[in-house]
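Observations on the model geometry
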Amino acid sequence: MPSGFTTKLRWCVTVNECGFTPCVTSIGRALNCPELPDKAHAYDDTFVRSKILVTTAAAFNSNPQKCFKNAMPTMSLSKTFSVNCSEVGPQTNCFGFTSFDTTQKVIVMSFRGTQGATQLTEEILDFFTGKKPFFNDAGHIFTYFYDAFFFLWNGGLSQDIRNLKYKYPDYELWVTGHSLGGAIASIAASYVVHTGLFTGDQVKLVTMGQPRTGDYDYAVWHDKTFPYSFRIVHHKDIVPHIPPQYGKDELFHHRTEVWYNNNMTTTDTYHVCAEADGLYCSNRQLDSYPPDHLTYFDINMPDWGTQGCPKM
């Protein structure tokens, strides 16, 4: 029986009740039972568009300060980090940065994604498999993402984030990333909390187009640890659906998915999903559209970031 399933009471979707029988459609995994963030940690579209979008897109620029100059002048770059993501398979660059803002009182870790959905899909499905344990109580991480994070962590990120924490001990930590960068962001946030550098309630984790990063046990630990964690998915973006949920590695998304089933303009609606990785949000999308992976909030993320996040 796959991890996370229970032979006890199941949530009945058709009547919105636990343990109801007979039930036409039921949920057997606890993380797919409906639950939304509390009001204190609710999703805020305006905050994400005005703040998180900038820190995410800035990772596509070799000098993120260019983005900050145009779109968030109070933010200051600390350091950038560039490493090869893996010792095997295609030679793919992993890039991240740290920054700080003494006005907003935040520290930032942000990670760049691959340039296209096809590239990442092929890398994952053709070259990389397997999981690695992530502490004794926090499940397993997909090997490719695990290695990518630790190459960055040991490539200077560890020392700099510790220095920033020492200098600004009471600041909030924003952790962001797109695509591959979203997976690395999830691991980075988890690692600094599990090792005691930050507490879960000091962190805001927001990713865009994040692939499945760890297994069900990792998702369980994550959801118990972070009150503010959102995975944003644009319409038919394929990357959030890889690696596959079932099969050899059995990966599972942590909460909370925010699905924009539209073009993500300023007037478009969104759905904050009550289940972690079930059948009632983006997983019900049967086809894919590669441009949806690059375009978030009506902006081509890599292009906008590379251009220095010019005013729109």
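The name given to the protein chain in an unreviewed UniProt entry is Fungal lipase-type domain-containing protein, with the source organism recorded as Caenorhabditis remanei.

**A word on the confidence of the model for the protein chain**
Scored by pLDDT, the protein chain has a mean of 89; 87% of the residues are at 70 or more. A low-confidence stretch, residues 1-8 stays under pLDDT 50, and its non-local contacts, those more than four residues away or across chains, total 15 contacts.

**Here we look at the side chain of arginine 255**
Checked against the element boundaries, arginine 255 lands in the loop between strand 13 (251-252) and strand 14 (257-260). Exposure remark for arginine 255: the relative accessible area of 9% places this residue in the buried category. Setting aside residues no more than four positions away along its own chain, arginine 255 makes contact with Ala30, Leu31, Asn32, Cys33, Glu35, His222, Asp223, Ser229, Ala274, Glu275 and Ala276.

**What to know about the packing of aromatic side chains**
Two aromatic rings are characterised by how far apart their centres lie and by the angle between their planes. Applying the stated criterion across every chain, the model contains 23 aromatic pairs. Their ring planes at 25 degrees and their centres at 5.4 Å tell us that phenylalanine 100 and tyrosine 168 sit as a pair that is stacked. Of this pair, phenylalanine 100 sits in strand 5 (residues 93-101) while tyrosine 168 is found in the loop between helix 4 (143-167) and strand 9 (172-178), placing the two residues 68 residues apart along the sequence. Using a relative accessible area of 10% as the deciding quantity, one classes tyrosine 168 as buried. Ring geometry for phenylalanine 149 versus tyrosine 191: centroids 5.4 Å apart, planes at 55 degrees, classification tilted. Here phenylalanine 149, found in helix 4, pairs with tyrosine 191, found in helix 5 (residues 180-194); they are 42 residues apart in sequence, far enough to count as distant. The class for tyrosine 191 is buried, based on a relative accessible area of 15%. Through a chain of ring-to-ring contacts, the aromatic side chains of Phe134, Phe135, Tyr146, Phe149, Phe150, Trp153, Tyr191, Tyr218, Trp221 and Phe226 assemble into a single cluster. In this structure, lysine 204 is placed above the aromatic ring of phenylalanine 47, and the distance from its NZ or CZ to the ring centre is 4.8 Å. The cationic tip of lysine 204 hangs over the ring face of tyrosine 228; the distance from NZ or CZ to the ring centre is 5.1 Å.

**Focus: the environment of glutamine 104**
You can see glutamine 104 is positioned in the loop between strand 5 and strand 6 (106-111). Sequence separation between glutamine 104 and threonine 74 is 30 residues; the distance between their C-alpha atoms is 7.8 Å. The contact partners of glutamine 104, leaving out residues within four places of it in the chain, are Lys51, Met72, Thr74, Met75 and Trp174. A distance of 3.1 Å separates polar atoms of two side chains, one belonging to glutamine 104 and the other to lysine 51.

**A short note on unusual backbone geometry**
The linkage connecting isoleucine 242 with the following residue, proline 243, adopts the cis geometry, with an omega of -15 degrees. If you trace the backbone, proline 243 turns up in the loop between strand 12 (229-234) and strand 13. Put simply, arginine 255 and threonine 256 share a cis peptide bond, and its omega is -5 degrees. Notably, lysine 105 is not glycine yet its phi reads approximately 60 degrees, a positive angle. Here the phi dihedral of serine 179 falls at roughly 60 degrees; this positive angle occurs in a residue that is not glycine.

**Focus: the sheet that holds strand 15 (residues 271-272)**
Picture the strands of a sheet paired through backbone hydrogen bonds; they go either parallel or antiparallel. As summarised here, the arrangement of the eight strands in space is 4-5-6-9-10-12-14-15, forming an open sheet in which the pairing is mixed. Two strands bound the open sheet, and with one partner strand each, they are strand 4 (76-84) and strand 15. Of the strands in this sheet, strand 5, strand 6, strand 9, strand 10 (203-208), strand 12 and strand 14 are in contact with helix 1 (residues 45-57), which crosses strand 9 at around 70 degrees.

Reading guide: rules and limits
- Residues numbered from 1 in each chain as written.
- Predicted model: local features only at pLDDT ≥ 70, side-chain atom pairs only at ≥ 80, totals over all residues.
- Heavy atoms only, no water.
- pLDDT = per-residue confidence, 0-100.
- Contact = heavy atoms within 4.5 Å.
- Helix = DSSP H or I, 4+ residues; strand = E, 2+ residues; numbered from the N terminus.
- Buried < 20%, exposed > 50% of the residue type's maximum accessible area, 1.4 Å probe, protein only.
- Phe/Tyr/Trp six-rings, centres within 6.5 Å; stacked < 30°, edge-to-face > 60°.
- Lys NZ or Arg CZ within 6 Å of the ring centre and 35° of its normal.
- Polar contact = N/O pair within 3.5 Å; in protein donor to acceptor, adjacent residues only side chain to side chain.
- Pairing = 2+ DSSP bridges.
- Axes fitted to C-alpha atoms, helices over the stretch in contact; angles between N-to-C directions.

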